[in-house]
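Residues per chain, in single letters:
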Amino acid sequence: MSQTAPDNPRPGGKRSSLRIANLVAAIRFLFPFGSKDERVDSRRSDLDIVSFIVPIGFIIGLLWVVTFRFTWWLYGEFATLRVIPSLFVILLECLISGPFLALGLARTIHILTADRPHIPQSDRLMPLSPVGTLVLCLTILTEFSLILTIQKGEGWWPAVDDWRSHFNFMYPRPLFRPLLLAPIWGRWGILLAASIGKTARNADAETTSLNQGMSPGRLLKHAIIPFCLTAIYCSRSRNYLTGVLIGMLVFGATYLIAVAMARRGGGQSRQSLYAAGQIAQLAFLAIYRACWRLIDA
């Protein structure tokens, strides 16, 4: 006796398809090979890309570490400075999601420094002014300098009698820790900005979905990875608060700038979210470098 197939697909299949659609939307939002069409599509209003932003940042951080380690082995260093490895990390960043962050900051500054902020219909295609070009160059130069001056350090791992010593294999060398953490903070900065203020009137589908999907609870949930990893990697046996301090300073700097951009720009656009991500990434590298004496004390 034959059985007819159910008219409706199983709920699990729908959830799986939706997760794939959300992942694709997150990739389109963060990477340069995404869609060039930024018009809001009502058919995509149910997408939720929030959950994938920080994990993608973690993957980018791993790519930073692998690239730096391989080029350091290949080219070595010059007078204790790892110039070529740092340059390759910047090149990698400019080839993947980095150009969106840097250009987002440059375009946002270009828009907001005008006497009357002009909100274009598609700010992603907007040419840069001299001010924006200067900001773009300084952003890349600053990031390169901060990566170049990361110290090797002796590092700290939990002692054998400490229960945490079972996880010592998860502690990278001190030189690689900020390379892993910076992209995570940068992508979390996007979520922080998305939770502040309203959505700009020229926002595209992914930006609208991201802003509508954010809440204080979700922001705190996705802060677990950057805050916990920073607290673990920047602490020592008698210094447990350095990582927490670094995380709070990064949060404060990114929050204040995101508020200012939202107020002056009439809400959060795709470019202001990218700008907040770039600010968070640079802020972490700068604050980590400034706190190095506490980390390696």
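Structure first, text after, so check above.
So, here's what we can say about the structure. Being a predicted model, the structure only gives us computed values, none of them experimental. (Residues numbered from 1 in each chain as written. Predicted model: local features only at pLDDT ≥ 70, side-chain atom pairs only at ≥ 80, totals over all residues. Heavy atoms only, no water.)

**Focus: the overall build of the protein**
Scanning the protein from N- to C-terminus turns up 12 helices and zero strands. For the protein, the residues scored as buried account for 49% of the 297 residues in total. Residue pairs at least 24 apart in sequence account for 78% of intrachain contacts in the protein once pairs closer than 6 positions are excluded. Accessible surface, the protein as shown: approximately 15400 Å² in total, 66% of it carbon and sulfur. (Helix = DSSP H or I, 4+ residues; strand = E, 2+ residues; numbered from the N terminus. Buried < 20%, exposed > 50% of the residue type's maximum accessible area, 1.4 Å probe, protein only. Contact = heavy atoms within 4.5 Å. Areas by Shrake-Rupley, 256 points an atom, 1.4 Å probe, with all protein chains shown as cover.)

**A short note on a nonpolar patch on the surface**
On the surface, Phe70, Trp73, Leu74, Tyr75, Leu81, Val83, Ile84, Leu87, Phe88 and Leu91 cluster together into a nonpolar patch covering about 910 Å² of accessible area. Elements supplying a minimum of two residues to the nonpolar patch: α2 (50-75) and α3 (83-95). It is α3 that provides the largest number of residues to the nonpolar patch, a total of five residues. (Patch = residues over 30% accessible without salt bridge, like charges linked within 9 Å, V, L, I, M, F, W, Y side chains within 5 Å. Salt bridge = Lys/Arg side-chain N within 4 Å of Asp/Glu carboxyl O.)

**A look at the environment of Thr230**
Its location among the elements puts Thr230 in helix α9 (residues 224-233). Given a relative accessible area of 0%, Thr230 falls into the buried group. It is 6.9 Å that separates the C-alpha atoms of Thr230 and Gly247, two residues lying 17 residues apart in sequence. In contact with Thr230, not counting residues within four places along its chain, are Leu181, Trp185, Gly243, Ile246 and Phe284.

**Details of the packing of α2 against α3**
Contact geometry for α2 and α3: axes closest at 8 Å, N-to-C directions at 145 degrees. The interaxial crossing formed by α2 with α3 has right-handed handedness. For the pair α2 and α3, the contacting residues are Ile60, Leu63, Trp64, Thr67, Phe68, Thr71, Trp72 and Tyr75 in the first and Ile84, Pro85, Ser86, Phe88, Val89, Leu92 and Glu93 in the second. The class makeup of the residues in the contact of α2 with α3 is 11 nonpolar, three polar and one charged. (Axes fitted to C-alpha atoms, helices over the stretch in contact; angles between N-to-C directions. Left-handed = near helix turned anticlockwise from the far one by under 90°. Nonpolar A, V, L, I, M, F, W, Y, C, P; charged D, E, K, R; others polar.)

**Describing the packing of aromatic side chains**
Counted by the stated rule, this structure contains 15 aromatic pairs. Relative to Trp73, the ring of Phe70 lies with its centre 5.9 Å away and its plane at 35 degrees, an arrangement referred to as tilted. You can see Phe70 and its partner Trp73 sitting in helix α2, three residues apart, about one turn around the helix. Relative accessible area serves as the criterion here: at 47%, Phe70 is assigned to the partly exposed category. (Phe/Tyr/Trp six-rings, centres within 6.5 Å; stacked < 30°, edge-to-face > 60°.)

**Section: the pattern of salt bridges**
Throughout the structure, instances matching the rule amount to three salt bridges. Put simply, Glu77 and Arg82 hold a salt bridge, and the shortest N to O gap is 3.3 Å. Across the pair Glu93 and Arg187 runs a salt bridge whose closest N-O atoms are separated by 3.6 Å. One end of the pair, Glu93, is in helix α3; the other, Arg187, is in helix α6 (residues 177-194), with 94 residues separating them in the sequence. For the pair Glu93 and Arg187, one class covers both residues: buried. Three or more residues are tied together by salt bridges with common partners; here these are Glu77, Arg82 and Lys152.

**Quick look at α6**
With 18 residues, α6 should reach 26 Å at 1.5 Å per residue; the first-to-last C-alpha distance of 26 Å fits that figure. Burial of α6 is extensive: 18 of the 18 residues sit out of reach of the surface. (Expected span 1.5 Å × (residues − 1).)

**Quick word on the packing of α6 against α9**
Between α6 and α9, the least distance of the axes is 9 Å, while the angle of their chain directions is 155 degrees. Between α6 and α9, the angle falls in the class roughly antiparallel. Considering the relative orientation of α6 and α9, their crossing is left-handed. Taken together, the residues of α9 that come into contact with α6 (itself represented by Arg177, Leu180, Leu181, Ile184, Trp185 and Trp188) are Ile225, Pro226, Phe227, Leu229, Thr230 and Tyr233. (Parallel < 35°, antiparallel > 145°, perpendicular 65-115°, else oblique.)

**Side note on the side chain of Thr207**
With respect to the helices, strands and loops of the structure, Thr207 is situated in helix α7 (residues 205-213). Judged by its relative accessible area of 0%, Thr207 falls in the buried class. Residues in contact with Thr207, not counting those within four places in the same chain, are Phe29, Gln268, Ser269, Arg270 and Leu273.

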